[in-house]
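Spelled out from the first residue to the last, the chains are:
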Amino acid sequence: MSPPRPAFALRAENLTKTFEISTHSASSLKEMILKGAFMRGERASHNALKGLSFSLEPGQSLAIIGGNGSGKSTLLKLISGISEPTSGSLEVNGTVAALLELGAGFQPELTGMENIFLQGQILGMKRGEILGRLDDILDFADIGPFIHTPMKRYSSGMTVRLGFALAVFSEAEVLLVDEVLAVGDAAFQLKCLQKISDLKRRGKTILFVSHSPEHIELAAEKALWIEAGEMRALGTTDEVLERYLEAQVGGGQHVEGGELETDNEAMRVRSATILSSGRMGAARKPASIEKLEALGPDGRARKHFEADEPITFRLTVRVNETLPYLSVSMAYSGQRGIRLGYNSSKLQGLPLRDLKPGLYEVALKIERFAALPGRYLLNAALSPENPFEFYDLHLRCQAIHIRGQAASGCGALISAPGQWGPLTEGQSRTHG
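The rules we used
- Positions within a chain are numbered from 1, following the residues in the order the chain's sequence is written.
- Selection of residues for local features in this predicted model requires a pLDDT of at least 70, selection of side-chain atom pairs for listing and counting requires 80 or more, and totals for whole chains, interfaces and linings are taken over all residues.
- Derived side-chain values reflect all non-hydrogen atoms in the structure, with water molecules and hydrogen atoms excluded from consideration.
- Numbering of helices and strands runs from the N terminus, with a helix taken as a DSSP run of H or I at least four residues long and a strand as a DSSP run of E at least two residues long.
- Should any heavy atoms of two residues lie within 4.5 Å, those residues are counted as being in contact.
- Residue burial considers only the protein chains on display, and all accessible areas are found by Shrake-Rupley using a 1.4 Å probe.
- The pairing criterion is simple: DSSP has to find at least two bridges between the two strands.
- Interaxial angles span 0 to 180 degrees and are taken between N-to-C directions of axes, which are lines fitted to C-alpha atoms, for helices over the stretch in contact.
- A pair of Phe, Tyr and Trp rings is counted when the ring centres sit within 6.5 Å of each other, with Trp represented by its six-membered ring. The angle between the planes then sorts it: under 30 degrees is stacked, over 60 is edge-to-face, the rest tilted.
- Burial classification: accessible surface area is computed with a 1.4 Å probe over protein chains only, and a residue below 20% of its type maximum counts as buried, one above 50% as exposed, and the rest as partly exposed.
- What counts as a salt bridge is simple: a side-chain nitrogen of Lys or Arg found within 4 Å of a carboxyl oxygen of Asp or Glu.
- Patches draw on residues past 30% relative accessible area with no salt bridge. Two like charges within 9 Å are joined, as are two nonpolar side chains (Val, Leu, Ile, Met, Phe, Trp, Tyr) within 5 Å.
- Within this scheme the basic residues Lys and Arg register as positive and the acidic residues Asp and Glu register as negative, but His and the chain ends are omitted.
- All charge positions are set by atom: Lys at NZ, Arg at CZ, Asp at CG, Glu at CD.
- What makes a nonpolar core is a set of buried Ala, Val, Leu, Ile, Met, Phe, Trp, Tyr and Cys residues whose side-chain atoms join them at distances within 4.5 Å.
- Helix crossings fall into two classes, left-handed where the near helix is turned counterclockwise from the far one by less than a right angle and right-handed where it is turned clockwise.

(A) Expanded view of the overall build of the protein chain. In terms of regular secondary structure, the protein chain is built from 10 helices and 26 strands. For the protein chain, the share of sequence-separated contacts (at least 6 apart) that also reach a separation of at least 24 residues comes to 74%. Only carbon and sulfur atoms are counted for the fraction: they give 50% of the accessible area of the protein chain, which is about 21100 Å².

Have a look at this one:
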């Protein structure tokens, strides 16, 4: 009979961490000795965390978000046991595998293979267990013959690959990841997110720090927002991420000297985030999107697809006046509207020129729509040659649902390279 599952994987109550910081620096050995003897009291306290309380059940994933210096990494270090809390309590059920800093724990003079065995034993794995999982670790890391090269010669991406592979195959109950996915390329990021999804299904608990809304939205069901060591929000990913992004945008404008200045980062967040559906474009539309359908391999419209299944997006376009040029584009976003993938007839080099008024159809055929399971929103646009203008733009106009797991090796969070077909005269069937 298997042991009962614990009620919680992690529980923090009034968790506080305070660091003492010296207010003086010494420029010489003599000054350091004198200050050590006579100025011991001249130190300041920094409250990195201030009374955090939260809990996680086994199998849940938590994204920890906040600005630089907000206390995110400090929290993970407390959970991993690297640091001790100043006050409050912290309970963790099960073993912990942590990937907190790039290269942390690896010995640079040893090869990757030697580090696998060294770090595996530090994570509590026996030599036989390491040997049994070695092929999986090497396959996931995918660094080839460099596994026998000293790690001091590894790139940052290779180090992350090996560290993440070792952590996820250590069979620890709790996995901690601190922003290291930002170092890997898009294909490896997707493979890591797929692995996180697999670990969640197997009852593992995941905590990760990320500045990427895309990663947060796809990988976490809960989010904790920390600023200046204090909890600003704790709840579902959608709720917390929306509040966080709104605060970033709202804080991006300030008045100095009577003039309004705009913070570029806040504007970037605003442009990447669509918080409501809608339709934009010219008041009198030279061209408009009449219908958008997602078709399966049998040519029938539907909303549910398997990962890696072919999808054809068929757009019905009404041209209201003679147009010298028309670009058609599709974008795919997550629940919060953050764009995860994009296709454009202009980027593909398909000329849509000298169009007469009438009804047309154009199709984007994607042989392999590779994505994590979930609900994705579709955006569609018609543009003139200037890419910053729109004849017609539909935001979040339709949703598709992806089921199952995409194969590894995808080039992005959504990998959907497709082929635009030629623009044809509209068919006689009814367009609703």
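So that's the structure; there's more coming.
(B) Broad picture of the sheet that holds strand E5 (residues 96-99). Strands sit in the order E5-E6-E7-E3-E8-E9 across an open sheet of six strands; the sheet is mixed. If you trace the sheet from one side to the other, it starts and ends with E5 and strand E9 (230-236), each paired once. Taken pair by pair, the neighbouring strands of this sheet meet at an average axis angle of 15°, ignoring direction. In the sheet, strand E8 (residues 222-227) pairs with E9 via six bridges, with the strands oriented antiparallel. Each bridged residue has a counterpart across the sheet, and for Ile-226 the counterpart in E9 is Met-231. Where helix H2 (residues 72-80) meets the sheet, it contacts strand E3 (61-65), E5, strand E6 (174-178), strand E7 (205-209) and E8, and its direction lies at approximately 150° from that of E6.

(C) Representation of the packing of aromatic side chains within the structure. The tally for this structure, following the rule as stated, stands at six aromatic pairs. The interplanar angle of 75° and the centroid separation of 6.0 Å between the aromatic rings of Phe-140 and Phe-169 together place this pair among those described as edge-to-face. In this pair, Phe-140 sits in helix H4 (residues 127-141) while Phe-169 sits in the loop between helix H5 (156-168) and E6, placing the two residues 29 residues apart along the sequence. When sorted by exposure, Phe-140 lands in the same class as Phe-169, which is buried. Measuring from centroid to centroid gives 6.3 Å for Phe-313 and Phe-369, while their planes differ by 70°, and the two rings are edge-to-face. One end of the pair, Phe-313, is in strand E15 (residues 311-319); the other, Phe-369, is in the loop between strand E20 (358-366) and strand E21 (370-371), and 56 residues separate them in sequence. The two residues Phe-313 and Phe-369 agree in class, both being buried. Through successive ring pairs, a cluster of aromatic residues spans Phe-140, Phe-164 and Phe-169.

(D) Focus on the pattern of salt bridges. One pass over the structure, following the stated rule, counts 15 salt bridges. Of the charged contacts, one joins Arg-202 and Glu-171 as a salt bridge, the two residues approaching to 3.0 Å between their closest N and O atoms. Note that Arg-202 is positioned in the loop between helix H6 (186-201) and E7 and Glu-171 in the loop between H5 and E6, a separation of 31 residues in sequence. For Arg-202, a relative accessible area of 40% puts it in the partly exposed group. Residue Glu-290 is joined to Arg-318 by a salt bridge in which the shortest nitrogen-to-oxygen separation is 3.7 Å. Taken together, the residues Glu-290 in strand E13 (residues 287-295) and Arg-318 in strand E15 connect sequence positions 28 residues apart. Since its relative accessible area comes to 32%, Glu-290 is described here as partly exposed. In this structure, a network of salt bridges that share partners links the residues Glu-171, Lys-195, Asp-198, Arg-201, Arg-202 and Lys-204.

(E) Up close: a negative patch on the surface. On the surface, Asp-135, Asp-136, Asp-139 and Asp-142 cluster together into a negatively charged patch. Within the secondary structure, Asp-136 is located in helix H4. Owing to a relative accessible area of 42%, Asp-136 belongs among the partly exposed residues under this scheme.

(F) Spatial organisation of the pairing of E6. Of all the five residues making up E6, five are buried; the element is thus mostly covered by neighbouring parts of the structure. In E6, alternate side chains face the same way, and those of Val-174, Leu-176 and Asp-178 on one face and Leu-175 and Val-177 on the other are all buried. Relative to E7, E6 runs parallel, the two sharing five bridges. Its bridge partner being in E7, Leu-176 is matched across the sheet by Leu-207.

(G) How the structure looks around the nonpolar core. If you look at the biggest cluster of nonpolar residues, it comprises 82 residues, and the most contacted ones within it are Phe-164, Phe-313, Leu-315, Leu-326, Met-330, Phe-369 and Ile-400. Those residues within four positions of Met-330 in sequence are excluded, and the remaining contacts are Leu-292, Phe-313, Leu-315, Gly-341, Tyr-342, Asn-343, Leu-364, Leu-378, Asn-379, Ala-380 and Trp-420. Core analysis: the second largest hydrophobic core is formed by 20 residues, Leu-15, Leu-49, Ile-79 and Leu-100 among them.

(H) Expanded view of the side chain of Ser-344. Mapping Ser-344 onto the fold places it in strand E18 (residues 339-344). Taking relative accessible area as the criterion, Ser-344 reaches 7% and is therefore assigned buried. Not counting the four nearest positions on each side in its chain, Ser-344 is found in contact with Ser-327, Val-328, Ser-329 and Trp-420.

(I) The arrangement of the packing of H4 against H5 in detail. Orientation of H4 relative to H5, taken along the N-to-C sense of each, is 145°, at an axis distance of 8 Å. Judged by the twist between their axes, the crossing of H4 over H5 is right-handed. On H5, the residues that touch Ile-137, Phe-140 and Ala-141 of H4 are Arg-161, Leu-162, Phe-164, Ala-165 and Leu-166.

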